[in-house]
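Spelled out from the first residue to the last, the chains are:
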Amino acid sequence: MTTAAEAFASAKINLTLHVTGRRSDGYHLLDSLVVFADVGDRLILTAGANLSVAVTGPFAEGVPTDGRNLVWRAAEAAGWMGWIELEKNLPHGAGIGGGSADAAAVLRALHGQNPMGGIGAERALELGADVPVCLSSLPQRMRGIGEQLRPVQDVPGLNLVLVNPHVHVPTPAVFRELMHRENPAMQHCEGWDSGPAFLDWLGQQRNDLEIPARSLAPEIGEALSALDGAILSRMSGSGATCFGVYDTMDVARNAARRIAAKYPEWWVQATRTVGSDARQVSRATT
Ligand code: C5P
C-alpha cells in the first residue's frame, strides 16, 4: 500500500457467550455467536518511513499511541510502516471489540483478501483473542479461545440499542469471578426459519460472564434494566456494554433517546447489525 487507506472497525457484539471450560494456560474456552454493528471506530493508514499513531474522537482519552496500542502491534506484525489515524467512537475495554476490532481493521486494510489479515491465524490470535473474529464483519460462531470460527447463516439483521454505563471491568477480573467454568455449549446454532425463531433461540442462550461482571460493577444491572421495551437484553463480551434487541429501528432510536435523557453520562447508541440474510428481525417477522 503506497497511498492512504481507510478502514472501519465495527462494534463486535457477543449475542451469546457460553464459557465451556478452561485450558491449562488459564485461557477460557468459549462458544459465542458474534455479530457486528454499523457503529465503530474509523482508521486512516498512510504509508511512511516510521510507525506512528494519532488518536482522535470522543473516546480518545487514555488510548496509548505507542506499542501498547493493538493497532501499532498489528502494523508491526504485518511489517508495515506509516501513520495511523484512529478515530475512537466506541468506548474501549467495554466488551464490544475495542483494540481487537481496531487491530483487525488495520490487518484488513493492509491485506484485505487474506483471511487471517496476512499474518496468519496464530499471530492474529496472539494480538488478542477477539482479533480473528473481527477480521470479518459477518455473523460467526466463535469457539476455542477465539480461533475456531465458522460463518453462521440465517442470522437476521437486528435493531439494537447499545448502552455502556461508563464503568470499566477488566476482562481477567471478570473471568476470575466465574463460579462455574464448565457450562453447556450453545444448542444448535443455525437453521432458524424466521425472525421469531431466531429470537426464541437467542432468549434461551446466555452470557456466562454477565453475573460475574455484575458482581464487580452493579451499574451493569442498571444498564440492563434501562433497556426497557427490548425483546431481549444482555451484556456483550466481558462487559460493561449491554445490548437490547428492538422490533424496529424507530423503536430502538426512541428507546435510545429515552435512556440518554435519563442517564446523560452513559454512552447510548441505536444501531443495526450486519446480518447474514436480508431479513429484519422483529417478533412480527415470519
Ligand atoms: O486476549 P485478550 O486480550 O482478549 O484477553 C484478555 C484477558 O482475558 C486474558 O489475558 C485472559 O486473562 C482473559 N481471557 C480468558 N479467556 C479468553 C479470552 C480472554 O481467560 N478466551
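Structural data are supplied above this passage.
Residues numbered from 1 in each chain as written. Predicted model: local features only at pLDDT ≥ 70, side-chain atom pairs only at ≥ 80, totals over all residues. Heavy atoms only, no water.

Visitor: Would you mind going over the nonpolar core with me for this structure?
Guide: Among soluble globular proteins, nonpolar side chains are generally buried collectively. One finds Leu43, Ile84, Val106, Val161, Ile220 and Ile259 to be the most contacted residues of the largest nonpolar core, which totals 68 residues. Among the elements that take part in this core, helix 2 (residues 98-110) stands out by supplying seven residues, more than any other. With near-sequence residues (within four places) excluded, Val106 lies in contact with Leu43, Leu45, Val71, Ala74, Ala75 and Ile84. If you look at the next biggest cluster of nonpolar residues, it comprises 27 residues, including Ile13, Val39, Phe59 and Leu199. (Core = buried A, V, L, I, M, F, W, Y, C linked by side-chain atoms within 4.5 Å. Buried < 20%, exposed > 50% of the residue type's maximum accessible area, 1.4 Å probe, protein only. Helix = DSSP H or I, 4+ residues; strand = E, 2+ residues; numbered from the N terminus. Contact = heavy atoms within 4.5 Å.)

Visitor: In this structure, what is going on with the site of the ligand? I would like to understand it.
Guide: Around the ligand, the neighbouring residues are Gly26, Tyr27, His28, Leu30, Gly128, Ala129, Ile145, Thr171, Pro172 and Phe175. Between the ligand and His28, the relevant distance is 2.8 Å, taken from an oxygen atom to a side-chain nitrogen or oxygen of the residue. Here an oxygen atom of the ligand sits 3.0 Å away from a polar atom, N or O, in the main chain of Ala129. Bound to the protein, the ligand loses 71% of the 450 Å² it would expose on its own. Counting residues per element, the ones that place at least two in the shell around the ligand are strand 3 (28-47) and helix 5 (171-176). Here the element with the most residues in the shell around the ligand is helix 5; it accounts for three residues. Here the residues of the shell around the ligand are counted per class, giving six nonpolar, four polar and no charged. (Near = heavy atom within 4 Å. Polar contact = N/O pair within 3.5 Å; in protein donor to acceptor, adjacent residues only side chain to side chain. Areas by Shrake-Rupley, 256 points an atom, 1.4 Å probe, with all protein chains shown as cover. Nonpolar A, V, L, I, M, F, W, Y, C, P; charged D, E, K, R; others polar.)

Visitor: In this structure, what is going on with the environment of Gly144? I would like to understand it.
Guide: Inspection of the secondary structure puts Gly144 in strand 6 (residues 140-144). For the pair Gly144 and Leu202, spaced 58 residues apart in sequence, the C-alpha to C-alpha distance is 20 Å.

Visitor: How should the sheet that holds strand 8 (residues 159-164) be read in this particular structure?
Guide: Pairing between sheet strands relies on hydrogen bonds along the backbone, with the strands arranged either parallel or antiparallel. With antiparallel pairing, four strands are arranged side by side in an open sheet as 9-10-8-11. Single-partner strands in this sheet number two, and they are strand 9 (232-235) and strand 11 (267-272). Strand-to-strand twist of the sheet, defined as the mean angle between neighbouring strand axes without regard to direction, takes the value 20°. Direction of pairing for strand 9 relative to strand 10 (residues 242-246): antiparallel, over a ladder of four bridges. Looking at the pairing, Arg234 lines up with Phe243 of strand 10. (Pairing = 2+ DSSP bridges. Axes fitted to C-alpha atoms, helices over the stretch in contact; angles between N-to-C directions.)

Keep in mind these numbers describe shape, not what the thing actually does.
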